[in-house]
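Notes for the structure review
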Amino acid sequence: MAAPSPRPREVLAPSPEAGRRVATSSSSRGGLLWRLRDKPPRLGLFEIGPGHELHRLTCMMQAGLWAAVQVSIDHPLLGPPTEEDFSEVMTQVQEGFELGTLAGPAFAWLRHSLGLAEKDYQASLGPGGPYLQFLSTSKSKASFFLSHDQRFFLKTQRRKEVRALLAHLPRYVQHLRRHPHSLLARLLGVHSLRVAQGKKKYFIIMQSVFYPASRISERYDIKGCEVSRWVDPAPEGSPLILVLKDLNFQGKIIYLGPQRSWLLRQMELDTTFLRELNVLDYSLLVAFHCRHKDERGPGSSLVLRTARSVQGVQSQDEPGAQNRRLLPEAPNALHILDGPEQRYFLGLVDLATVYGLRKRLEHLWKTLRYPGRTFSTVSPARYARRLYQWVEAHTE
């Protein structure tokens, strides 16, 4: 499917309030992360403060996003996004840079459907506190950030990846309407940033799968293959936060009990959707969190959990076809699944790699380079089937 043709919107003047607030992000802040910011080898997460090479960039992102979200606050969407909403491009000129918002009304509607208040979204991404950076084990050249409260994940993207995301956006929204408890990461915004007359940089914003992270003990990025899927673990007792990979997961099992059947069905629905989009190289993020004794068992919030699980965008599909479940009473409930002893964070991310000519040639080269071994660059049908089989083999 070809990407929608961009439809320009108004060019807005800089926001004085955003300008005042961005200045505050340059001031020194206290706390352990700030005091240790100059020791990245010992930390997997640290503040991007003054002196960091990305500080100026992230301050511009914060000021630009604050102004962009203010537009959706001032002009709320009255109904589901239209075809024009998916192709809209709004450019806002700030002092020294300009920020583009792609398909802004469509993403505002998505955020609303998740129950996310625009003021809260603005406060998390705006200049209220410095963005956080972590040491990524990804092989891509992308930059990764977290909002200061760790609720939202920001990632730079290449232009062709952004085009693919926007081309698939109407079907992505439709899939989430049909399956509101989908494991697909919730994409919340796509933006461009141009400094002076320089080249545009693109970035996306999504809900962080690993939130809240305070009690997460292990994190994994799973693709269902073996080539380049090992990460050297951090030394015992190290505060370093690493996202491990498939080969690090060997010998582990996700114990879900009655929830397993729901997970397998949702994996089938989501991977079938991604196969139909002709995409591959996406990952299943998995994290472990040990539940306290008072968090185990059915608990006393069944009525509330049921109410939370049925609210949201209504669909004409039957609840069984939607594959709904009882959501836990926790932040980020869509990405949380509780087993008897452990809480698991699960989400499918990196949904923008299309199986085009370049990937087909890469598949042929890897077939020769790694005979008899499994690698990530395979057809979308095979990729979807293999990842589903991985989940089937590693859950009980």
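Because the structure is a prediction, the values reported are computed rather than measured.

1. Some thoughts on the overall build of the protein
A count of helices and strands for the protein gives 12 helices and 16 strands. Across the 396 residues in the protein, those meeting the buried criterion constitute 52%. With the model as given, the accessible surface of the protein reaches about 19,200 Å², and the carbon-plus-sulfur share is 54%.

2. A few points about the nonpolar core
In terms of nonpolar packing, the biggest core is built from 59 residues, with L169, Y172, L263, Y282, L284 and V286 touching the most fellow members. The biggest single contributor to this core is helix α7 (residues 159-178), with seven residues. If sequence neighbours within four positions are ignored, L169 has contacts with F86, A103, A106 and F107. L57, V71, L154 and L188 belong to the second largest nonpolar core, which has 24 residues in total.

3. Thoughts on the confidence of the model for the protein
Confidence in the prediction of the protein, expressed as mean pLDDT, is 85, and 82% of residues score 70 or more. The low-confidence segment residues 18-43 (pLDDT under 50) makes 42 contacts with residues lying over four places distant or belonging to another chain. Predicted confidence is poor over residues 299-314, with pLDDT under 50, and the contacts of this stretch with residues over four places away or in other chains come to 27 contacts.

4. With respect to helix α5 (residues 104-113)
By the criterion of burial, α5 is predominantly enclosed, with eight of the 10 residues buried. Inspection of α5 places G104, P105, A106, F107, A108, W109, L110 and R111 among the buried residues, and these make up the whole buried set.

5. Description of the sheet that holds strand β11 (residues 244-245)
Strand order in the open sheet formed by five strands is β11-β10-β13-β15-β14, with mixed pairing between adjacent strands. Each edge of the open sheet is held by one strand with a lone partner, namely β11 and β14 (336-338). When strand β10 (residues 216-222) meets β11, the two strands line up parallel, connected through two bridges. Across the sheet, the residue bridging to Y220 is L244, located in β11. In this fold helix α8 (residues 260-276) packs onto β13 (283-290), β14 and β15 (342-349), with an angle of close to 10 degrees to the strand it touches most, β15. Its contacts with the sheet put helix α12 (residues 380-393) on β10, β13 and β15, and the angle it makes with β13 is roughly 20 degrees.

6. Describing the packing of aromatic side chains
Enumeration according to the criterion identifies 11 aromatic pairs in this entry. On the basis of an interplanar angle of 75 degrees and a centroid distance of 5.3 Å, the ring pair of F288 and Y344 is categorised as edge-to-face. Taken together, the residues span a long stretch of sequence, with F288 in strand β13 and Y344 in strand β15 at a distance of 56 residues. With respect to class, F288 is no different from Y344; both count as buried. Grouped by ring-pair contacts, the aromatic residues Y220, F249, F288, Y344 and W390 constitute a single cluster. One Lys or Arg, R325, reaches over the ring of W262 and ends 4.6 Å from the middle of that ring.

7. Focus: the pairing of strand β7 (residues 152-157)
For β7, the buried fraction is high: five of the six residues fall into the buried class. Where strand β6 (residues 144-146) hands over to β7, the hairpin turn is made up of five residues, of which Q150 adopts a positive phi near 70 degrees. Bridging between β7 and strand β9 (residues 201-207) involves six bridges; their strand directions are antiparallel. Directly across from F152, in β9, lies its bridge partner Q207.

8. Focus: the pattern of salt bridges
As enumerated under the stated definition, the model contains 13 salt bridges in all. Notably, a salt bridge pairs D350 with K155, separated by 2.9 Å at the nearest N-O pair. Placement of the pair is D350 in the loop between β15 and β16 (353-354) and K155 in strand β7, with a sequence separation of 195 residues. The shortest N-O distance in the salt bridge between E268 and R265 comes to 3.0 Å.

9. A look at unusual backbone geometry
Most peptide bonds take the trans form, and the phi angle of most residues other than glycine is negative. With omega at -5 degrees, the peptide bond leading from Y211 into P212 counts as cis. Tracing the backbone shows P212 in the loop between β9 and β10. Phi at Q150 is positive, roughly 70 degrees, even though this residue is not glycine. In this fold, Q150 is placed in the loop between β6 and β7. A residue is classified by how much of its surface remains accessible, and Q150, at 25% relative accessible area, is partly exposed.

10. Topic: helix α11 (residues 357-369)
Spacing of three or four residues puts side chains on the same side of an α-helix, whose turn is 3.6 residues. For α11, built from 13 residues, the straight-helix expectation of 18 Å at 1.5 Å per residue is met to within 8% by its first-to-last C-alpha distance of 18 Å. Looking only at α11, the buried set comprises K359, H363 and K366. Buried residues of α11, seen end-on, are gathered within an arc of 75 degrees and therefore sit on one face of the element. Opposite the buried face of α11, by more than 90 degrees, sit the exposed residues L357, R358, L361, L364 and L368. Contacts made by the buried residues of α11 are with β12 (279-280), β16 and α12.

So, how was this worked out
- Residues numbered from 1 in each chain as written.
- Predicted model: local features only at pLDDT ≥ 70, side-chain atom pairs only at ≥ 80, totals over all residues.
- Heavy atoms only, no water.
- Helix = DSSP H or I, 4+ residues; strand = E, 2+ residues; numbered from the N terminus.
- Buried < 20%, exposed > 50% of the residue type's maximum accessible area, 1.4 Å probe, protein only.
- Areas by Shrake-Rupley, 256 points an atom, 1.4 Å probe, with all protein chains shown as cover.
- Core = buried A, V, L, I, M, F, W, Y, C linked by side-chain atoms within 4.5 Å.
- Contact = heavy atoms within 4.5 Å.
- pLDDT = per-residue confidence, 0-100.
- Pairing = 2+ DSSP bridges.
- Axes fitted to C-alpha atoms, helices over the stretch in contact; angles between N-to-C directions.
- Phe/Tyr/Trp six-rings, centres within 6.5 Å; stacked < 30°, edge-to-face > 60°.
- Lys NZ or Arg CZ within 6 Å of the ring centre and 35° of its normal.
- Salt bridge = Lys/Arg side-chain N within 4 Å of Asp/Glu carboxyl O.
- Expected span 1.5 Å × (residues − 1).
- Arc of directions from axis to C-beta.

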